[in-house]
Amino acid sequence: MPKKIDPQPRARCVRLVREHLQEYPTLTAAVTAVARQEGVSRESVRRWLAQAEVDDGTRPGITTEESAEVKRLKAENKRRAGGQ
């Protein structure tokens, strides 16, 4: 199960990549530099950036809000099915 990461460092990493992207030759280089600076894995920063793009509507996919709603509904259905 993935660890829960505080949303503030996650948002900071995404912001830093976006703000400093033009300073690097590639997106991967920017992600790598930010990951190293913030002490997190490059893959985590890459995934956080991709999810931020989905949430912003600039990339197709399931938003964080939609995912949370599906999770909530599944838990509700499970409770109801178990309570009968």
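Just above, that's the structure.
Residues numbered from 1 in each chain as written. Predicted model: local features only at pLDDT ≥ 70, side-chain atom pairs only at ≥ 80, totals over all residues. Heavy atoms only, no water.

A.B. asks: Sorry, what's going on with the environment of Asp 56 here?
C.D. replies: By the secondary structure assignment, Asp 56 is in helix α3 (residues 42-56). Classification of Asp 56 as partly exposed rests on a relative accessible area of 47%. For the pair Asp 56 and Cys 13, spaced 43 residues apart in sequence, the C-alpha to C-alpha distance is 16 Å. (Helix = DSSP H or I, 4+ residues; strand = E, 2+ residues; numbered from the N terminus. Buried < 20%, exposed > 50% of the residue type's maximum accessible area, 1.4 Å probe, protein only.)

A.B. asks: Could you clarify how one ought to interpret the pattern of salt bridges in this entry?
C.D. replies: Considering all chains together, one arrives at 9 salt bridges under this definition. Where Arg 12 meets Glu 38, a salt bridge forms, and the shortest distance between an N and an O atom there is 2.9 Å. Separated by 26 residues along the polypeptide, Arg 12 in helix α1 (residues 7-20) and Glu 38 in helix α2 (residues 27-38) bring together distant segments of the chain. Its relative accessible area of 33% is what places Arg 12 among the partly exposed residues. Of the charged contacts in the structure, one is a salt bridge between Asp 56 and Arg 18, with a shortest N-O distance of 2.6 Å. (Salt bridge = Lys/Arg side-chain N within 4 Å of Asp/Glu carboxyl O.)

A.B. asks: Help me understand the nonpolar core in this model?
C.D. replies: Note on soluble globular proteins: their nonpolar side chains tend to be buried together. Cys 13, Val 14, Leu 16, Val 17, Ala 30, Val 31, Val 34, Ala 35, Val 45, Trp 48, Leu 49 and Ala 52 together form the largest nonpolar core, which totals 12 residues. Counting residues per element, the ones that place at least two in this core are α1, α2 and α3. Residues within four places of Cys 13 in sequence aside, it is in contact with Val 34, Glu 38, Val 40, Val 45 and Trp 48. (Core = buried A, V, L, I, M, F, W, Y, C linked by side-chain atoms within 4.5 Å. Contact = heavy atoms within 4.5 Å.)

A.B. asks: Hey, could you run me through the packing of α1 against α3 in this one?
C.D. replies: Axes are the key here: two packed helices are described by the angle between their axes and the distance separating the axes. Contact geometry for α1 and α3: axes closest at 9 Å, N-to-C directions at 85°. With respect to α3, the element α1 is oriented roughly perpendicular. Residues Arg 10, Cys 13, Val 14, Val 17 and Arg 18 of α1 form the contact with α3, whose participating residues are Val 45, Trp 48, Leu 49, Ala 52, Glu 53 and Asp 56. Classifying every residue of the contact of α1 with α3 by side-chain character gives 7 nonpolar, no polar and 4 charged. (Axes fitted to C-alpha atoms, helices over the stretch in contact; angles between N-to-C directions. Parallel < 35°, antiparallel > 145°, perpendicular 65-115°, else oblique. Nonpolar A, V, L, I, M, F, W, Y, C, P; charged D, E, K, R; others polar.)

None of this, on its own, says anything about what the molecule does.
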